[in-house]
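# Residue-level structure breakdown
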Amino acid sequence: MPTATEVKKRTVRINGCVAAAQAAKYADVDVITAYPIRPYTATMMALAQMVANGELDAEYIVADSEHSQLSIAHGAASSGARVFTGSSGVGVQFAYELYSPISGSRMPVQMMIADRTLDPPGDFGSEHTDALSTRDMGWLMGWSCDAQEAFDNHLMAYRIGEDPRVLLPQMVCQDGFFVSHITSDVELPDSGQVKEFLPPYKHPYPLDPRHPVSHGPQIMPEQGPPLQLERARAMEDSMAVIEQVHDEFANIFGRRYDPWIEEFMTDGAEVVFFLQGAHAVTARFAIQHMRDKGLKVGLVRLRTIRPYPTDRVKEVLSKFKVVGVVETNMGLGSVSSGGVLYSEVCAALYESQQRPLVVSFMAGMGGEAIVMKEFYWMTQKMMEAQKQGKIEKRTHWVGFEE
Amino acid sequence: MSYTELTVWTRGIIMDKEGRDIVNSVAASARLEGKFAQAMENYVDNPDRTNCPTRKYCRVSDSVIENELTYENEQPNIIVLVEGTMVKGWDYMRGMPPGGTLVINTHYTPEYMIRFVPGAERLAQLVCVDAAKLADHKWLYYRLGELGLDRLSTEGAAERNKSIAPDIAAPLIAAVVKTTGIVKMATIEPMIANKHAFRLALEELHIMPLNPVAA
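Residues numbered from 1 in each chain as written. Chains lettered and ligands numbered in written order. Predicted model: local features only at pLDDT ≥ 70, side-chain atom pairs only at ≥ 80, totals over all residues. Heavy atoms only, no water.

### Observations concerning the domain arrangement of chain A
Residue and element names in this part refer to chain A.
- One can read the domain layout of chain A as domain 1 (10–253) and domain 2 (261–397).
- For domain 1 versus domain 2, the distance between C-alpha centres works out to 28 Å.
- Tallying the contact residues gives 28 residues for domain 1 and 25 residues for domain 2.
- Both sides together, the interface formed by domain 1 and domain 2 hides about 2100 Å², and carbon and sulfur atoms give 57% of it.
- Interface area lost by domain 1 to domain 2 is led by Arg135, Cys145 and Phe178, which between them contribute 26%.
- Counting the contacts that link domain 1 with domain 2 gives four salt bridges.
- Between arginine 135 and glutamate 344 there is a salt bridge, with its nearest N and O atoms 3.7 Å apart. (Domains from an automatic or database assignment. Contact = heavy atoms within 4.5 Å. Buried area = accessible area lost by both parts, 1.4 Å probe. Salt bridge = Lys/Arg side-chain N within 4 Å of Asp/Glu carboxyl O.)

### A look at the nonpolar core
- The biggest cluster of nonpolar side chains holds 93 residues, and the ones touching the most others in it are Phe274 and Leu317 of chain A.
- Considering every element that reaches this core, the biggest residue donor is helix α9 (residues 224–253) of chain A, with eight residues.
- When residues are assigned to domains, this core turns out to be shared by domain 1 (10–253) and domain 2 (261–397) of chain A, each giving three or more.
- Setting aside residues no more than four positions away along its own chain, phenylalanine 274 of chain A makes contact with Val300, Leu302, Tyr308, Val313, Leu317, Val323, Gly324, Val325, Val326, Leu341 and Val345 of chain A.
- Counting 43 residues, the second largest nonpolar core, distinct from the first, contains Ala27, Ala30, Val82 and Ile168 of chain B. (Core = buried A, V, L, I, M, F, W, Y, C linked by side-chain atoms within 4.5 Å. Buried < 20%, exposed > 50% of the residue type's maximum accessible area, 1.4 Å probe, protein only. Helix = DSSP H or I, 4+ residues; strand = E, 2+ residues; numbered from the N terminus.)

The following block contains the structure:
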């Protein structure tokens, strides 16, 4: 495949959807499979324009549904193509059957997720439930909190997923609207930088009539466990690769991200928010204001949830007295009867000698912005728990209580 | 410190680009002037449904915008109705603090239109501009071909004319900038494709002064 046109570094004002499309262009993807659903549609449209304008030489396939979209992505990846796809909300759900086969056949397909609340009702807002419900299917997964980070995460995800030690698909997630449709300044790199960072993709065993191989054959039950173990190990082994790739990214592009956790104003903090994605933007402002008033509050933002950095979460969160998990997802009837992040946090902390109190906040549901005063309210709840040495209840629905 | 909210009410698909052009050009101009600005123009209000009322938002501030993730403007200082009949039927004035500006695309006078405006006492001025006359009476006719494609929910991707404000948005932007000073005329004018209509509008605004805010 010919490489993308040489371009120089420049800063553009784009939203998260276009940033994702730009990343796919820089990655010089071979096959794009698409099916419209908002907010992901904006990425699909941007890519369609790039292909139509001749900026990107890729097969652009509009499928008849998300299930077909992911099936085609699977097939294309099996033939050795670098594949880009994406979806939102119920679209992510409709393709569910494909997630395990794609990771099971170790195809590093990349899927952009612009979160959307699941039905009912038909709501455009961002909840993380769509992608999170697929979190144990063997896909690398993490959230960006702005368009620049989304662009960077897409490039890094290809590099990580295509590493021969990993070979796993990636869901690169961003909040619908909050990232996908808010514009901000994004630095697009030199094409030379990307060439240095992301070598052309070569799958070790592509389908090729000249070199016949079998993919996904029917097997006997006793042949299953070794394959599952191998996939589980790939997920574990990816952790070292993820760290290495983040280092290399920082060296080449000059933006350094902690692969697992971003800490904001946690020095001297006693109560902290724990969340993923865009609401970190408002949380940072709220925390600055509360710090000005002397409140010891901080933010811990999870950047990668699969693989889950258990030890790192334990080490970081053990420093604090109270952890407030801002869910932005639904775990109906789950451990906390709130969201699914709570159990991930508590499980990581179980082995800690110094366990903080953990409370879950259902906020930003339906894609509502979590406003400043809600962060103040949640901080009050955490401080009350700290004072009393126990939580009032595991889950608070923010905006529905005094 | 100044913080201004501009909300544009328009019609899905048929006047979607017109609404987008207003908020995008104002936000881009404000950023050129060193201010902080945001434009949100393609989300909650179903912009992919023909004729449905949809809103486009813009915020301009001297300091960093902390409510960046809040979609709707809660206290719009300036409201634009891209299509005149939108003046009736719903409360587009809600949240407007005293001293606001309402700009309507209509061939009627402000004296006639004010009877339909809910909560008009909050207005410092009502501005009427006959944008279709000043731009081109047939602007919508020329867009019919691409509007057909846009009905497939392409979110503007099928639009052939990528320039900013080639049609009725130009006089409406002129009306907003001249009567509110949200950005400088010299900053925004170079962005506008239909400069003729933009300049004509500066002379042909019908402005009705109402309740100025007490200093």
